[in-house]
Amino acid sequence: MSDHPQTRDLLGPYVMGDLSADEERAVEDHLENCAACGQEADSLRIVHESLAELAAVAETPPPRLKDRAVGGMSGPVSRPAARRIPSWLAVAAAALIVALGVAYGTSLFGSGEVAAATLEPTREAPGAGGEVEIVGGGENMEVRLEAWGLPPCEREEYYELWLVEGEERVSAGSFSVGESGDVEVTLNAPKFADSYPQVGITAEKDRDPNPGAAKMLGGKLRQS
């Protein structure tokens with residue numbers, strides 16, 4: 001940490017371009033001869049630029065944005081016991097983490113789950129089981145499926161995942177299962193996927209999925 005508290009208090013506004021011309025000149029003169037303040041200014045600049053980049057993103061965060069923001073901060077260095085993180089850096093870093101969490105929910109930090117179900121076996125597959133998560137929102141809904149103990153698919157066979165309400169069935173995608181009987185897959189889902197009360201998996205033998213085919217797993221969707 002710099003031993004120049006007055007300059008340190010100006011580093012945040014400096015990298016954000018909020019200083020007067022005289023203040024900016026004074027900070028730049030100081031940075032030419034102070035490596036510690038220069039390091040703190042570089043760390044703050046990286047966080048500020050990452051926040052600006054985040055604000056310009058429409059929906060999908062740039063790859064490794066979190067890694068770039070966090071990785072750009074100063075790493076551990078030899079320091080006195082009483083040394084603390086610069087106040088502007090701490091505030092900016094916290095703002096970055098909050099902004100990423102609010103803007104992208106699970107993209108970086110969690111699942112963004114809106115509904116989930118525990119899949120129970122039927123007599124067609126008594127040793128099977130699974131979990132379903134519906135994540136996202138609007139046009140970007142996904143179904144994340146993890147299942148185990150399913151009979152492996154043979155030639156021309158596959159499984160279909162259904163969203164169910166009464167007699168209505170809407171397909172949420174198809175998948176295959178190998179010799180292990182286990183599968184973990186993410187499927188695109190209609191934007192209203194979380195409004196269905198149940199979900200089920202059937203075994204299919206042609207490319208025209210039939211809701212009346214053998215039901216292997218099923219469960220009730222619970223809202224998150």
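About the cut-offs
Residues numbered from 1 in each chain as written. Predicted model: local features only at pLDDT ≥ 70, side-chain atom pairs only at ≥ 80, totals over all residues. Heavy atoms only, no water. Helix = DSSP H or I, 4+ residues; strand = E, 2+ residues; numbered from the N terminus. Buried < 20%, exposed > 50% of the residue type's maximum accessible area, 1.4 Å probe, protein only. Contact = heavy atoms within 4.5 Å. Areas by Shrake-Rupley, 256 points an atom, 1.4 Å probe, with all protein chains shown as cover. Core = buried A, V, L, I, M, F, W, Y, C linked by side-chain atoms within 4.5 Å. Salt bridge = Lys/Arg side-chain N within 4 Å of Asp/Glu carboxyl O. Patch = residues over 30% accessible without salt bridge, like charges linked within 9 Å, V, L, I, M, F, W, Y side chains within 5 Å. Lys, Arg positive; Asp, Glu negative; His and termini not counted. Charge placed at Lys NZ, Arg CZ, Asp CG, Glu CD.

**Student:** Would you mind going over the overall build of the protein chain in detail, with residue names and values included?
**Tutor:** Assigned secondary structure in the protein chain consists of 5 helices and 9 strands. Looking at the protein chain as a whole, 35% of its 224 residues are labelled buried. Counting only contacts in the protein chain whose residues sit at least 6 apart along the sequence, the fraction spanning at least 24 positions is 60%. In the form shown here, the protein chain has an accessible surface area of approximately 12800 Å², with 50% of it arising from carbon and sulfur atoms.

**Student:** Pulling in residues and values, what's your account of unusual backbone geometry?
**Tutor:** In this structure, Glu156 is a non-glycine residue whose phi angle is positive, near 70°. With respect to the helices, strands and loops of the structure, Glu156 is situated in the loop between strand S3 (142–148) and strand S4 (158–165).

**Student:** Break down the environment of Gly130 for me, citing the residues and quoting the values.
**Tutor:** Looking at the element boundaries, Gly130 is found in strand S2 (residues 129–135). On the basis of relative accessibility, which here comes to 1%, the residue Gly130 falls in the buried class. Counting along the chain gives 11 residues from Gly130 to Leu119, while the straight-line C-alpha distance between them is 4.8 Å.

**Student:** So what about the nonpolar core? Which residues, and what values?
**Tutor:** Counting residues in each nonpolar core, the largest one holds 29 residues, and the members touching the most others are Ile134, Leu150, Tyr159, Leu161, Phe175, Ile201 and Leu221. Those elements that provide at least two residues to this core are strand S1 (113–121), S2, S3, S4, strand S5 (168–175), strand S6 (183–188), strand S7 (198–204) and strand S8 (215–220). Leaving out residues up to four positions away in the same chain, Ile201 has contacts with Leu119, Leu145, Tyr159, Glu160, Leu161, Phe175, Ala214, Lys215, Met216 and Leu217. Of all hydrophobic cores here, the second largest spans 10 residues; its members include Leu11, Val15, Ala41 and Leu44.

**Student:** So what's going on with the pattern of salt bridges? Which residues, and what values?
**Tutor:** Evaluated as defined, the whole model comprises 2 salt bridges. Between Arg25 and Asp22 there is a salt bridge, with the nearest N and O atoms lying 3.0 Å from each other. With Arg25 and Asp22 both in helix H2 (residues 21–31), this residue pair falls 3 residues apart, about one helical turn. For Arg25, a relative accessible area of 45% puts it in the partly exposed group. For Asp22, a relative accessible area of 55% puts it in the exposed group.

**Student:** Run through a negative patch on the surface, naming residues and quoting values.
**Tutor:** A cluster of acidic residues, Glu120, Glu131, Glu146, Asp182 and Glu184, forms a negative patch at the surface. Within the fold, Asp182 resides in the loop between S5 and S6.

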